[in-house]
Amino acid sequence: MSMPTIKHVRAFTLRGGGADYHDQGDGHWIDDHISTPMAKYPEYRQSRRSFGINVLGTLVVEVEASDGTVGFAVTTGGELGAFIVEKHLARFIEGAKVTDIEKIWDQMFNATLYYGRKGIVLNTISGVDLALWDLLGKVRQEPVHQLLGGPVRDELQFYATGARPDLAKEMGFIGGKLALQHGPAEGEEGLRKNIETLATMRERVGDDFWLMFDCWMSLDLNYATRLANAASEFGLKWIEEALPPDDYWGYAALRQQVPSGMLVTTGEHEATRWGFRMLLEMGCCDIIQPDVGWCGGITELIKISALADAHNALVVPHGSSVYSYHFVITRTNSPFSEFLMMAPKADQVVPMFNPQLLDEPIPINGRMKASVLDKPGFGVRLNPECQLHRPYDH
Ligand SMILES: [Mg+2]
């Protein structure tokens with residue numbers, strides 16, 4: 001059976017939202033006094049953009065096959081990612097068969113080991129990998145979820161991440177995750193305010209709706225333990241990314257110290273099967289949250305997910321829009337999904353990578369039918385109104 005080869009790979013950047021969803025304007029909830037590892041410095045406490053959370057911007061990877069079919073994907077990584085694709089990774093991609101996904105991944109990873117392993121290099125490898133899955137789906141005229149073995153259920157159900165779990169409940173979501181606003185540097189008063197916010201939301205949403213705190217790597221073990229204990233009274237379902245990603249020992253201890261029944265989750269800034277092996281073998285968490293656009297792409301997520309399954313941990317990817325949906329629908333150990341509320345006031349459902357993609361599906365009443373994903377590849381198109389920039393070529 002003849003299979004097209006890959007003729008060209010190109011990398012572009014884009015500003016203003018899209019896959020770099022932190023790249024938003026003033027007044028957006030995602031930039032409003034959120035607890036971060038930089039919040040110990042008062043001058044970087046009020047806004048995450050102030051310390052540069054949006055410096056990278058979006059990376060767009062496009063792969064063109066010899067039969068003219070084009071696949072693409074978006075992730076975070078911007079100009080640095082574009083450099084890595086054009087100047088380094090292109091040699092492993094161009095000339096390969098469209099089906100050579102596993103080999104290309106292995107070559108990209110091993111050729112960058114001396115400066116990669118995690119972070120922006122893995123964001124970039126993820127972007128290439130997702131573009132290759134999109135291309136394969138388009139060549140075969142099949143959705144990616146079908147290439148992965150097909151749906152295990154009829155629909156996805158979602159919890160919402162954003163400043164208004166009370167509105168998320170009205171919109172049909174199964175839970176709401178708040179960004180923790182005050183970190184250890186804001187002392188007892190900050191801790192009290194965090195709990196007050198949770199209490200207010202609990203009062204508004206009733207007993208059964210899930211409420212979670214996302215701590216974005218910002219706490220220490222003692223603070224996280226005290227927060228978890230104080231939040232227990234208000235039914236906190238899980239405490240997310242409480243500690244810096246390298247503190248596997250802290251996570252293992254936290255999991256022992258949280259109130260019984262409360263879940264510990266993490267992993268959005270972790271990458272590859274080796275990073276997740278640390279989290280799983282050390283008993284760091286109950287749910288791993290790989291970002292499909294950062295952890296190594298679908299090719300690596302298949303391995304991460306199998307590892308998690310053998311450790312009885314759930315896999316609930318961080319954000320990642322369609323790249324997550326096509327995977328989650330095919331796995332029994334991914335029972336629900338995250339939806340990032342990208343409306344500035346978290347008061348309506350807009351596509352997660354808005355305005356970058358066309359045909360990007362959104363949950364309706366907190367759910368998404370598997371049939372919505374029945375389009376070739378990941379089923380989305382680049383919005384031609386978003387101005388792409390190609391900083392390098394080869
Ligand atoms: Mg998170």
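An unreviewed UniProt entry lists the protein under the name L-rhamnonate dehydratase, with Pseudomonas duriflava given as the organism. Listed in UniProt under the heading Function (unreviewed entry), the comment for the protein reads: "Catalyzes the dehydration of L-rhamnonate to 2-keto-3-deoxy-L-rhamnonate (KDR)."

A.B. asks: Where do I start with the domain arrangement of the protein in this structure?
C.D. replies: Interface size is commonly expressed as the accessible area that is lost once the parts come together. Segmenting the protein into domains produces domain 1 (6–20 + 56–141) and domain 2 (147–375). The gap between the C-alpha centroids of domain 1 and domain 2 is 26 Å. On the domain 2 side, the residues contacting the 22 residues of domain 1 number 18 residues. Those elements giving two or more residues to the side of domain 1 that touches domain 2 turn out to be β3 (70–76), α2 (101–111) and α3 (119–140). Ranked by residue count, the leading element in the side of domain 1 that touches domain 2 is α3, at 10 residues.

A.B. asks: Can you help me understand the UniProt feature "site: Transition state stabilizer" (unreviewed entry) in the protein in this one?
C.D. replies: Residues annotated by UniProt as "site: Transition state stabilizer" (unreviewed entry) correspond here to Glu-338. Residue Glu-338 is classed as buried on the basis of its 23 C-beta neighbours within 10 Å. Excluding residues that lie within four positions of it along the chain, Glu-338 makes contacts with Phe-158, Tyr-159, Thr-161, Val-316, Pro-317, His-318 and Gly-319.

A.B. asks: What should I look at first to understand the sheet that holds strand β1 (residues 6–14) in this one?
C.D. replies: Neighbouring strands of a sheet are bound in pairs by backbone hydrogen bonds; such pairs are parallel or else antiparallel. Strands sit in the order β1-β2-β3 across an open sheet of 3 strands; the sheet is antiparallel. Strands with a single pairing partner mark the edges of an open sheet, and in this sheet they are β1 and β3. Pairwise comparison of adjacent strand axes, ignoring direction, gives a mean angle of 15 degrees for this sheet. In this structure, strand β2 (residues 58–65) lies alongside β3, joined through 7 bridges in antiparallel fashion. Note on β3: the bridge partner recorded for Val-63 is Gly-71. Strands in contact with helix α1 (residues 78–93) are β1 and β2; relative to β1, the strand with the most contacts, it is inclined by about 175 degrees. Where α3 meets the sheet, it contacts β2 and β3, and its direction lies at approximately 150 degrees from that of β3.

A.B. asks: I keep staring at the nonpolar core and nothing clicks. Help me out?
C.D. replies: One broad trend across soluble globular proteins is that nonpolar side chains are buried collectively. Within the largest apolar cluster, 118 residues are counted, with the highest numbers of intra-cluster contacts made by Val-61, Ala-224 and Ile-239. No other element matches the 10 residues that α3 contributes to this core. When residues of this core are sorted by domain, at least three fall in each of domain 1 (6–20 + 56–141) and domain 2 (147–375). Those residues in contact with Val-61 that sit more than four places away from it in its chain are Val-9, Ala-11, Phe-72, Ala-73, Val-85, Gly-127, Val-128 and Ala-131.

A.B. asks: Please clarify how the UniProt feature "binding site: Mg(2+)" (unreviewed entry) in the protein should be interpreted in this entry.
C.D. replies: Under the present numbering, the feature "binding site: Mg(2+)" (unreviewed entry) in UniProt falls on Asp-214, Glu-240 and Glu-268. Despite a sequence span of 55 residues, these residues sit close together in the fold, their greatest C-alpha distance being 11.0 Å. Taking the number of C-beta atoms within 10 Å as the measure of exposure, Asp-214 has 23 and is therefore buried. Not counting residues within four places of it along the chain, the set of residues in contact with Asp-214 comprises Thr-161, Lys-177, Leu-178, Ala-179, Leu-180, Glu-240 and Glu-241. A residue is classified by how many C-beta atoms lie within 10 Å of it, and Glu-268, with 22 of them, is buried.

A.B. asks: How should the environment of Gly-68 be read in this particular structure?
C.D. replies: Locating Gly-68 in the fold gives a position in the loop between β2 and β3. Residue Gly-68 is classed as exposed on the basis of its 8 C-beta neighbours within 10 Å. In sequence terms Gly-68 and Glu-43 are 25 residues apart; their C-alpha atoms lie 51 Å from each other.

A.B. asks: Help me understand the pairing of strand β8 (residues 263–266) in this model?
C.D. replies: The two faces of the sheet receive side chains in turn, since in a regular strand these alternate between them. As judged from the 3 bridges shared by strand β7 (residues 236–240) and β8, these two strands associate in the parallel manner. Opposite Trp-238, over in β8, you have Leu-263 as the bridge partner. The parallel pair β7 and β8, bridged by helix α8 (residues 248–257), forms a crossover whose chirality is right-handed. Pairing between β8 and strand β9 (residues 287–288): 2 bridges, direction parallel. Paired with Thr-266 across the two strands is Ile-288, which belongs to β9.

A.B. asks: What's the story with the environment of Ala-82 in this structure? I'm lost.
C.D. replies: Checked against the element boundaries, Ala-82 lands in helix α1. Using a count of 25 C-beta atoms within 10 Å as the deciding quantity, one classes Ala-82 as buried. Taking the C-alpha atoms as reference points, Ala-82 and Thr-58, 24 residues apart in sequence, are found 9.7 Å from one another. What Ala-82 contacts, discounting residues up to four positions off in sequence, is Ala-11, Phe-12, Thr-13, Leu-59, Pro-391 and Tyr-392.

A.B. asks: In this structure, what is going on with the packing of α1 against α2? I would like to understand it.
C.D. replies: A pair of packed helices is captured by two measures, namely the crossing angle of their axes and the spacing between those axes. Contact geometry of α1 with α2 gives a least axis separation of 9 Å together with a crossing angle of 145 degrees. Remark: the crossing between α1 and α2 carries right-handed chirality. Residues Leu-89, Phe-92 and Ile-93 of α1 form the contact with α2, whose own contacting residues are Ile-104, Gln-107, Met-108 and Ala-111.

Basis of the calculations
One numbering rule holds for all chains: residues counted from 1, following each sequence as written. Local features are withheld for residues below a pLDDT of 70 in this predicted model, meaning they are given only at 70 or higher, and side-chain atom pairs are given and counted only at 80 or more; totals for whole chains, interfaces and linings count all residues. UniProt positions are given in the numbering used here, feature names are shortened, and annotations may be inferred rather than shown by experiment. Those domain boundaries reflect an automatic or database domain assignment. Distance between backbone-placed C-beta atoms decides contact: two residues are in contact if it is within 7 Å. Put simply, DSSP H or I for four residues or longer makes a helix, DSSP E for two residues or longer makes a strand, and each gets a number counted from the N terminus. Exposed residues have 12 or fewer other C-beta atoms within 10 Å of their own C-beta, buried residues have 20 or more, and partly exposed residues fall in between, where C-beta atoms are placed from the backbone. Whether two strands pair comes down to DSSP finding at least two bridges between them. Each axis is a line fitted through C-alpha atoms, and for a helix only the stretch in contact is used; angles between axes span 0 to 180 degrees, taken between their N-to-C directions. Buried Ala, Val, Leu, Ile, Met, Phe, Trp, Tyr and Cys residues form a nonpolar core when they are connected through C-beta atoms within 7 Å. We call a crossover right-handed when, viewed with the strands running away from us, the connection from the first strand over the helix to the second turns clockwise. Each crossing gets its hand from how the near helix is turned against the far one by less than a right angle, where anticlockwise is left-handed and clockwise is right-handed.

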